[in-house]
Amino acid sequence: MTLHEPTTPQFKQNAHEALRDENLQSALRGARNGFVGKRAAARAKLGEDEFDGLRDAARDLKNHVLANLADYLEAYEGKVTAAGGHVHWAETAEDAQNIVLDICRKAGAKTVNKGKTMISEECGINDHLAANGIKPVETDLGEYIIQLRGETPSHIIAPAVHVTVPQVREEFQKAHTHLPESRDLSGLDTLLSEARGVLREKYFQAEVGITGANMLIAETGQSVIVTNEGNGDLSQSLPRVHIVMASIEKIVPTLEDSSTILRVLGRSATGQDMSVYTTYSSGPRRAEDPDGPEEYHVVLLDNGRTNMLGTEFEEMLRCIRCGACMNHCPVYQTVGGHAYGWVYPGPMGAVLTPSLIGVEEGGHLPNASTFCGRCEDVCPMRIPLPKMMRHWREREFEKKLTPGAARYGLGLWAFFAKRPGLYRAGTRLGMAALRLLGRGRGRVSSLPLAGGWTATRDMPVPSGDTFMAQWKAKR
Amino acid sequence: MPRVALFVTCLVDMFRPTVGFATVKLLEDAGCTVEVPEAQTCCGQPAWNSGDRATAAEIAKQVIFAFEGYDYVVAPSGSCAGTIVKDYPQMLDGAWRKRAEALAAKTHEVTSFLVDVLGVEGVEADVPRLATYHDSCSGLRGLGVKAQPRKLLASAGTTLREMEEAEVCCGFGGTFCVKYPEISDSMVGDKTRNAADTGAEMLLAGDLGCLMNMAGKAQRDGRGLEVRHVVEVLAGMTDTPAIGEGSK
Ligand code: SF4
């Protein structure tokens with residue numbers, strides 16, 4: 001199998017390394033306020049009531065779609081076929097790999113250009129193509145940078161957010177050996193124009209272009225892609241064959257509906273009213289068209305999503321991949337996206353990843369949250385992310401996957417919590433002991449059962465007899 | 001005179017009884033009769049957030065049974081009040097859900113109760129100190145507690161100097177700080193640095209979990225911050241040692 005093996009089960013180790021990676025920490029610090037401030041400003045500019053009203057409309061729209069998913073997908077397929085395109089249904093990631101490889105082979109492709117697509121990450125398309133002698137070239141600047149570094153994206157809209165500018169410079173020096181070594185790469189603009197120059201040449205070499213889709217429109221059979229670099233347009237209109245990779249929940253009923261989503265998408269993601277490029281494509285070039293691909297394929301991926309329908313995780317399928325939840329998540333901000341160990345990081349990944357790779361593999365993610373609620377607060381689709389993470393914890397608990405020590409501790413606590421008299425006596429005794437450990441200092445610097453805490457923090461000890469005991473004595 | 005039941009919260013009961021007494025004082029000063037139901041232990045959050053729905057529901061029933069006979073239920077914690085207000089109705093079905101909803105409707109975090117329900121304009125605490133305030137997540141996002149403690153602090157003569165990212169989680173998160181101590185530590189490190197950077201003497205908040213986390217970190221790093229629950233200041237009870245401090 002050429003799918004990236006998830007490192008999600010080693011989340012703790014990943015996080016440990018991330019916390020010690022100075023480059024990463026500096027990149028994350030840089031990103032943190034940018035995204036948060038820009039979204040807040042965009043929301044304020046539109047007016048909070050209008051913005052939040054749009055969120056309601058977007059949520060309702062997607063709920064309607066999910067309740068009628070099969071109908072809209074069928075209508076969409078009909079439109080694409082009528083326009084001369086082909087729709088392929090991929091039940092699993094492997095199916096998608098085979099479909100894409102097949103199309104590329106038939107097209108005699110040596111090189112495939114790619115606009116940014118998370119679905120192709122989910123399906124491990126790059127590795128699969130490379131293993132079969134076809135060279136995938138990422139055209140999104142961020143994706144290009146991490147491709148040079150041999151990495152996967154660490155964010156769904158800013159794939160290279162974990163890389164610092166000096167690291168990019170170094171990477172370009174290493175990769176672009178055809179350019180003079182003495183060239184000026186000091187500024188962001190020089191880096192950008194060098195990348196642009198290099199990528200421009202690649203646009204004309206590829207036989208096949210693969211893009212993702214932010215939406216699919218049932219009414220018109222169009223797919224919609226948003227970018228800020230225009231690379232989506234170039235990778236889909238220049239090659240002879242265009243493949244759209246999308247997951248089934250990306251469908252919306254009408255053109256009008258797509259604009260509702262676009263209005264919340266840009267603002268939530270980067271604080272833009274709209275992304276710089278919003279491209280609608282439908283089918284191969286027609287006789288009278290001056291350009292466009294000769295073949296148009298859509299690969300529709302399920303990969304576990306239908307299993308989410310009708311469950312407590314259905315609402316997750318409203319997600320439009322704006323990244324606002326991770327931008328605002330203090331855990332994501334602390335450890336970065338790679339720690340999550342699979343395609344989808346942050347709060348959305350904490351819900352989606354266990355759905356797609358199983359809670360046995362992905363169980364850390366819904367646990368590694370303080371339930372601070374910031375993600376739900378900013379999610380344009382009003383997805384109750386913490387609530388769904390809690391549902392995963394319930395599934396784990398039911399399956400007895402919760403670690404033994406935690407189950408035991410919880411059981412002991414519950415035994416007392418349900419018996420107020422015993423609880424009262426027990427807490428008094430326990431707290432007296434703890435107070436003694438503090439020896440008048442008010443805190444301890446090491447506590448056997450809270451070693452994780454006291455490794456870096458003191459632990460305050462009780463400041464007196466329990467409130468309940470004191471209250472009883474007084475009244 | 002409204003009959004108010006104090007939900008003291010397990011952490012306050014065990015670690016910081018003064019917060020309970022400060023809450024009682026504030027409520028009595030505002031004209032309430034305060035009672036402390038005997039049968040209370042904890043709101044059940046540890047079970048609820050660990051995925052043990054059955055235990056959480058049992059404890060919720062116990063709390064409903066003990067507290068539903070009062071006019072109001074008040075807790076010195078946005079987190080525990082939030083569990084009763086937001087989560088109990090989700091844990092239970094049928095007749096119990098109705099009772100949970102009824103309890104939720106009369107349960108409040110203490111500063112929000114004073115300002116929003118009783119219409120208290122200010123307290124006479126006279127604590128003219130420089131402080132910074134951490135907005136605990138559940139109170140802030142779950143119950144809309146933001147302006148109320150600030151308004152009351154101003155009336156107590158306390159000046160607030162706002163920190164960067166006051167609304168970002170401190171990394172406590174109940175069992176999170178035990179399950180993922182390294183991530184939690186990094187978060188609380190950011191928090192206490194931001195707090196100390198304001199130059200304030202006191203770091204205040206409305207939830208004991210966050211406070212113990214922040215106090216423990218600030219002390220380990222020698223930040224020189226006096227960490228207190230906001231009600232201690234509002235009740236004028238700042239002569240007791242701060243959280244995690246020994247008696248002088
Ligand atoms: S869960 Fe919400 S905030 Fe997160 S990426 Fe999806 S739509 Fe955006």
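Chain B carries the name (Fe-S)-binding protein in an unreviewed UniProt entry, which gives Pontivivens ytuae as its organism.

Within an unreviewed UniProt entry, the label attached to chain A reads Lactate utilization protein, and the organism entered is Pontivivens ytuae.

Asks: I tried to follow the overall build of chain B on my own but got confused; where do I start?
Replies: The helix and strand inventory of chain B stands at 13 helices and eight strands. Counting only C-alpha atoms and orienting by the principal axes, one finds that chain B spans roughly 50 × 45 × 30 Å. Residues counted as buried form 65% of the 248 residues belonging to chain B. Of the contacts made within chain B by residues no fewer than 6 positions apart, 77% connect residues no fewer than 24 positions apart. Accessible area for chain B stands at about 8200 Å²; split by element, carbon and sulfur atoms hold 51% of it. Counting 24 positive and 33 negative side-chain charges, chain B places the averaged centre of each group 3 Å from the other.

Asks: Explain the sheet that holds strand E2 (residues 33-35) of chain B to me, please; I cannot follow it from the model alone.
Replies: Strands pair in a sheet through their backbones, by hydrogen bonds, and they do so in one of two ways: parallel or antiparallel. Residue and element names in this part refer to chain B. Spatially, the four strands line up as an open sheet ordered E2-E1-E3-E4, and their pairing is parallel. The outermost strands of the open sheet, each flanked by one partner alone, are E2 and strand E4 (107-109). Between one strand axis and the next, the sheet turns through 35 degrees on average, direction left out of account. Of the strand pairs in this sheet, strand E1 (residues 3-6) and E2 are connected by three bridges, and their pairing is parallel.

Asks: What is the right way to read the domain arrangement of chain B from this model?
Replies: Residues and elements named next belong to chain B. For chain B, the assigned domains read domain 1 (3-116) and domain 2 (122-235). Listed by partner, the interface residues are 26 residues for domain 1 and 24 residues for domain 2. Carbon and sulfur atoms supply 72% of the area buried between domain 1 and domain 2, which totals about 1900 Å² over both sides. Three residues, Leu26, Thr111 and Val115, lead the burial of domain 1 against domain 2; their summed loss comes to 25% of the area buried on that side. The salt bridge partner of Arg16 is Glu232, with a shortest N-O separation of 2.9 Å. Applying the counting rule to domain 1 against domain 2 returns seven residue pairs in polar contact (both at pLDDT 80 or more). Residue classes in the side of domain 1 that touches domain 2 are distributed as twelve nonpolar, nine polar and five charged.

Asks: What is the right way to look at the UniProt feature "domain: Cysteine-rich" (unreviewed entry) in chain B in this model?
Replies: Residue and element names in this part refer to chain B. Listed under "domain: Cysteine-rich" (unreviewed entry) in the UniProt record, and renumbered for this structure, are residues 4-84 and 132-214. Counting secondary structure, residues 4-84 comes out at 57% helix and 12% strand; the distance between its end C-alpha atoms is 15 Å. Taken end to end, residues 132-214 has its terminal C-alpha atoms 12 Å apart, with 53% of it in helix and 10% in strand.

Asks: Got a minute to help me understand the nonpolar core in this structure?
Replies: For soluble globular proteins, nonpolar side chains are generally found buried alongside one another. Membership of the largest hydrophobic core comes to 94 residues, with the highest contact counts inside it found for Ile243(A), Met245(A), Met316(A) and Tyr344(A). Not counting residues up to four positions away in its chain, the partners in contact with Tyr344(A) are Met118(A), Ile119(A), Glu122(A), Ile156(A), Arg305(A), Arg321(A), Gly349(A), Leu352(A), Thr353(A) and Leu356(A). In this structure, Leu447(A), Ala450(A), Leu152(B) and Ala195(B) belong to the second largest nonpolar core, which totals 69 residues.

Asks: Quick question: what am I supposed to make of the packing of aromatic side chains here?
Replies: Given two aromatic rings, one states the distance between the centres and the angle between the planes to describe the pair. Under the defined criterion, the tally for this structure stands at 14 aromatic pairs over all chains. With centroids separated by 6.2 Å and ring planes inclined at 55 degrees, the aromatic side chains of Tyr144(A) and Phe172(A) adopt a geometry described as tilted. Taken as a pair, Tyr144(A) in helix H8 (residues 141-148) and Phe172(A) in helix H9 (residues 165-175) lie far apart in primary sequence, 28 residues in all. The residues Tyr144(A) and Phe172(A) share a single accessibility class, namely buried. In textbook terms, an aromatic cluster arises when at least three aromatic residues are bridged by ring pairs, as seen for Phe11(A), Tyr332(A), Tyr340(A), Phe176(B) and Tyr180(B). Of note, Arg321(A) hangs over the ring of Tyr344(A), and the distance from its end group to the ring centre comes to 5.0 Å.

Asks: For this particular structure, what's the right way to read the sheet that holds strand E2 (residues 111-114) of chain A?
Replies: Residues and elements named next belong to chain A. Strand order in the open sheet formed by six strands is E1-E10-E7-E4-E2-E3, and the pairing between neighbours is parallel. Two strands bound the open sheet, and with one partner strand each, they are strand E1 (86-90) and strand E3 (135-138). Adjacent strand axes in the sheet meet at a mean angle of 25 degrees, parallel and antiparallel pairs treated alike.

Basis of the calculations
Residues numbered from 1 in each chain as written. Chains lettered and ligands numbered in written order. Predicted model: local features only at pLDDT ≥ 70, side-chain atom pairs only at ≥ 80, totals over all residues. Heavy atoms only, no water. Helix = DSSP H or I, 4+ residues; strand = E, 2+ residues; numbered from the N terminus. Buried < 20%, exposed > 50% of the residue type's maximum accessible area, 1.4 Å probe, protein only. Contact = heavy atoms within 4.5 Å. Areas by Shrake-Rupley, 256 points an atom, 1.4 Å probe, with all protein chains shown as cover. Lys, Arg positive; Asp, Glu negative; His and termini not counted. Charge placed at Lys NZ, Arg CZ, Asp CG, Glu CD. Pairing = 2+ DSSP bridges. Axes fitted to C-alpha atoms, helices over the stretch in contact; angles between N-to-C directions. Domains from an automatic or database assignment. Buried area = accessible area lost by both parts, 1.4 Å probe. Salt bridge = Lys/Arg side-chain N within 4 Å of Asp/Glu carboxyl O. Polar contact = N/O pair within 3.5 Å; in protein donor to acceptor, adjacent residues only side chain to side chain. Nonpolar A, V, L, I, M, F, W, Y, C, P; charged D, E, K, R; others polar. UniProt positions renumbered as here; feature names shortened; annotations may be inferred. Core = buried A, V, L, I, M, F, W, Y, C linked by side-chain atoms within 4.5 Å. Phe/Tyr/Trp six-rings, centres within 6.5 Å; stacked < 30°, edge-to-face > 60°. Lys NZ or Arg CZ within 6 Å of the ring centre and 35° of its normal.

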